[in-house]
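# Descriptive structure summary
So the chains spell out like this:
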Amino acid sequence: MKTLIVSGKTIEHAIQKGLAELGVTQDRVQVRILEQPTKGFFGLIGGKPAKVELTVVEAVQSDKPVPAESQSVEGKASISSAVQAVPEEEALSDSAQSEEKTVRASVQDQTAGIEEAKQFILDVTQSMGLEVEIAIVKRKDTVVFDISGSDLGLIIGRRGQTLDSLQYLANLVANRYSEQHVRLVLDAEQFRDRRKQTLESLADRLATKTVRTHKEMILEPMTPQERKIIHAKLQDHPKVKTYSKGEEPNRRIVIALKSQ
């Protein structure tokens, strides 16, 4: 009997990984769980993967041979019944079934990462003495965690710095438990929209000042997402241009006159 020990983020992930290596289906193996997965501190530090042992079970063969004629008749009858019982659109090829399973697994893996990240945020906010709720909004290329509750100013922080830090950590957790890349955006009290409006107003005001004084305007350090808002707002301005200078986390935007 062939035995294989494999590790994975979850018990199910480890089993599926082992089945793929062995090239067999789950009904052909005996599964023994060696270690349960642990998340570690806030799902980030000190976690351990799941570990399972898979043993391939040999197929049991009957001692009494079946006459060739019976095999032929019974085989034809079984095949005929199966074809009639399964609608054409449901009779998937092996490759189609494999692709369908892969898609389902990918969705499940991504969902697991999102749920782990959600639990991480709930654990952190609870440790801060806050009771919050998280609504998950799935968009084309992002997943938004819309946080609601009281005292959300503690979560947002000065100019969103605390919210950005939580968002960074939540993305680490989500992608640790997901096979498919997940991009999370954390929001609270529509802070992201309000911050965008503030930055766009700032961009317009400083662009006007640059034109009036003929002096470059150097903004305070911003995150890449916030710099992107400024660049986008002024990219079609007829008289000024924008560029970034400096190294993270002190990278800044400069608003300057275009060359005449």
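One can find the structure itself at the top, above this paragraph.
Structural notes, computed from the coordinates. (Residues numbered from 1 in each chain as written. Predicted model: local features only at pLDDT ≥ 70, side-chain atom pairs only at ≥ 80, totals over all residues. Heavy atoms only, no water.)

Another point: the side chain of Thr 125. Relative to the helices and strands, Thr 125 is located in helix α3 (residues 94–127). Using a relative accessible area of 1% as the deciding quantity, one classes Thr 125 as buried. Within the local environment of Thr 125, its side chain forms a polar contact with the backbone oxygen of Leu 122, the two atoms lying 3.0 Å apart. Excluding anything up to four places from it in sequence, Thr 125 contacts Leu 130, Val 132 and Ile 155. (Helix = DSSP H or I, 4+ residues; strand = E, 2+ residues; numbered from the N terminus. Buried < 20%, exposed > 50% of the residue type's maximum accessible area, 1.4 Å probe, protein only. Polar contact = N/O pair within 3.5 Å; in protein donor to acceptor, adjacent residues only side chain to side chain. Contact = heavy atoms within 4.5 Å.)

Time to look at the pairing of strand β1 (residues 3–8). Burial of β1 is one-sided: the residues Leu 4, Val 6 and Gly 8 facing one way are buried, the residues Thr 3, Ile 5 and Ser 7 facing the other way are not. Taken together, the six bridges between β1 and strand β3 (residues 50–56) define a ladder with antiparallel strand orientation. Residue pairing in the sheet places Ser 7 in a bridge with Lys 51 of β3. (Pairing = 2+ DSSP bridges.)

Among the secondary structure elements, Gln 190 is positioned in the loop between β6 (184–188) and α6 (191–213). Given the relative accessible area of 47%, Gln 190 is considered partly exposed. Distance in space between the C-alpha atoms of Gln 190 and Asp 146 is 8.2 Å, their sequence separation being 44 residues.

Interpretation note: all reported values are geometric properties and have no functional meaning in isolation.
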